Amino acid sequence: MPELPDIAVYIEALEREFLGETLIGVRIASPSVLRTFDPPYDAPVGQSVTGFRRIGKRIVFGFPDDLFVVIHLMVAGRLRLEAAGKAIPKKVGLAAFDFDRASIVLTEQGTKRRAGIWVLKGEEALGDEDRGGIEPLEASPSEFKKALTRENRTLKRALTDPRIFSGIGNAYSDEILWSAQLSPVKRTGQLNDEEIARLHGAVVESLEGWTQRLREEVGDGWPSKVTAFRPDMAVHGKYQEPCPRCGSPVQRIVYASNETNYCATCQTDGKLLADRSLSRLLKDDWPKTIEELEEP
C-alpha cells in the first residue's frame, strides 16, 4: 500500500502536472470504485484544480467552491500518467481523469477491488475522511509520546493505526522499528523515555529519508514504480536475507493474512517471535486482514 512517502511524491508530481489545469472529463470503467453518489462523480468537470493534499493515505484533489475528489489507493491501486484520452486498460483499469494534455488513470492489480473514489462537498465532509491520527513529521516529541502512549498497544499496531499516526502502514512501520531497534510486539506501555525518543527519531528519519529517496528517484517525472518492496529496505520483504546492521537473517511474524519483518538480533534480544505462540497475545491487537491493518 502506498504510504506517506509514496503519497507525498505522488502529490508533488500531480502539482507539477495538473495544478491549475481544467478537468475536462471523468471516465469510470468499474462502478464499484465510486464510494459516493452525491455530488455525482462528474461534478468537478469543467473546474480547474486548486490544489492537492494528503489525508492519511488518501490523495485529495481540490476544486472551487469546496468540492473535492478523494482517491484511496489501498493496497494495489496506482495512478498512471497517460496521453490525454487514452483508453482505460482492461482488467486493471478503474477510472480516468482527463485534462487537455494528459490523463490520470487509476488502476488496480488483482481481483479484489479495494481502491476507491469519493466526491465530497465542503471541508466538513472532507474532514470525515480523516481518521484523526497526528502527522508524524509535524508532531513535537511530547505530542508524539502522548499519541503513542494513549493506549497500550503493540508497537506495530500503534504505528499503523491511522487513529494514532497518519500515513504509516505495514512497510514503513517495519523499517521504523528496525531503525529504532525495537520489537514489533513490545507494548507502548512498556517503553521508557529513551525508547520513545528513539522511536520518534526513527519515525522522522525513516519517513523523511524515504520521501527524499523517492523524490530523487522520480525527479521531474512521474512515480511509476510505487511499491512496498524496495531492494534498499532493511527488513521489509527481506525474510531470511541478512540484516544490513548485524548480518543475522531477517525473521517474520505471519498472523492471519499479514506479515511483519524484523531482525531478532537487533530488535528482540535474539528471540524468535513464533507465530503460534503469539496468537493469544496478538488476537486483540493485531489485524486479521489488510483492510483492518490499514483502515480500522
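The structure under discussion appears in the preceding block.
Residues numbered from 1 in each chain as written. Predicted model: local features only at pLDDT ≥ 70, side-chain atom pairs only at ≥ 80, totals over all residues. Heavy atoms only, no water.

**Looking at the side chain of Glu 195**
Spelled out, the test is: By the criteria applied, helices consist of DSSP H or I runs no shorter than four residues and strands consist of E runs no shorter than two, each listed in order from the N terminus. For this analysis, residues touch if any pair of their heavy atoms sits within 4.5 Å.
When you line up the elements, Glu 195 lands in helix H6 (residues 193-218). When residues no more than four places from it in sequence are discounted, the contact partners of Glu 195 are Leu 182, Lys 186 and Gln 190.

**Structural notes on the sheet that holds strand E4 (residues 67-72)**
Where we set the bar: Two strands form a pair only when DSSP identifies at least two bridges running between them. Axis lines are fitted to C-alpha atoms, over the contacting stretch for helices. Their N-to-C directions set the angle, which ranges from 0 to 180 degrees.
Spatially, four strands are ordered E2-E3-E4-E8 in an open sheet, and the strand pairing comes out antiparallel. Only two strands of the sheet have a single partner each, and these edge strands are strand E2 (51-55) and strand E8 (116-121). The average angle at which neighbouring strand axes cross in this sheet is 25 degrees, direction not considered. Here E4 runs beside E8; their pairing, made up of six bridges, is antiparallel. Following the sheet pairing, Phe 68 is matched in E8 by Leu 120. Of the strands in this sheet, E2 and strand E3 (58-63) are in contact with helix H1 (residues 4-18), which crosses E2 at around 170 degrees.

**Here we look at helix H5 (residues 170-180)**
Stated formally: When a residue's accessible area, from a 1.4 Å probe over protein chains only, is under 20% of the maximum for its type it is buried; when over 50% it is exposed; and in between it is partly exposed.
When you tally the buried positions in H5, you get ten out of eleven residues, the bulk of the element. Here H5 has its buried residues at Asn 170, Ala 171, Tyr 172, Ser 173, Asp 174, Glu 175, Ile 176, Leu 177, Trp 178 and Ala 180. Looking one or two residues past H5, Gln 181 carries a phi angle of roughly 55 degrees, positive in sign.

**Comments concerning the packing of H5 against H6**
This is how it is decided: Roughly parallel covers angles under 35 degrees, roughly antiparallel covers those over 145, roughly perpendicular covers 65 to 115, and oblique covers all other angles. The sense of a crossing depends on the near helix, which, turned anticlockwise from the far helix by less than a right angle, makes the crossing left-handed and, turned clockwise, makes it right-handed. Residues are grouped as follows: nonpolar covers Ala, Val, Leu, Ile, Met, Phe, Trp, Tyr, Cys and Pro; charged covers Asp, Glu, Lys and Arg; every other residue, Gly included, is treated as polar.
Contact geometry for H5 and H6: axes closest at 8 Å, N-to-C directions at 130 degrees. By the criterion of interaxial angle, the relationship of H5 to H6 is oblique. Viewed along their axes, H5 and H6 form a crossing whose handedness is right-handed. When H5 is examined against H6, the residues Tyr 172, Glu 175, Ile 176, Leu 177, Ser 179 and Ala 180 are found in contact with a partner set consisting of Arg 198, Leu 199, Ala 202, Val 203, Glu 205, Ser 206, Leu 207, Trp 210 and Leu 214. Partitioning the contact of H5 with H6 into residue classes produces ten nonpolar, two polar and three charged.

**Comments concerning the pairing of E2**
Note that E2 and E3 share five bridges and pair antiparallel. When the sheet's bridge partners are listed, Arg 54 is paired in E3 with Ile 59. In this antiparallel pair of consecutive strands, E2 and E3, the connection spans two residues, and Gly 56 shows a positive phi of 60 degrees.

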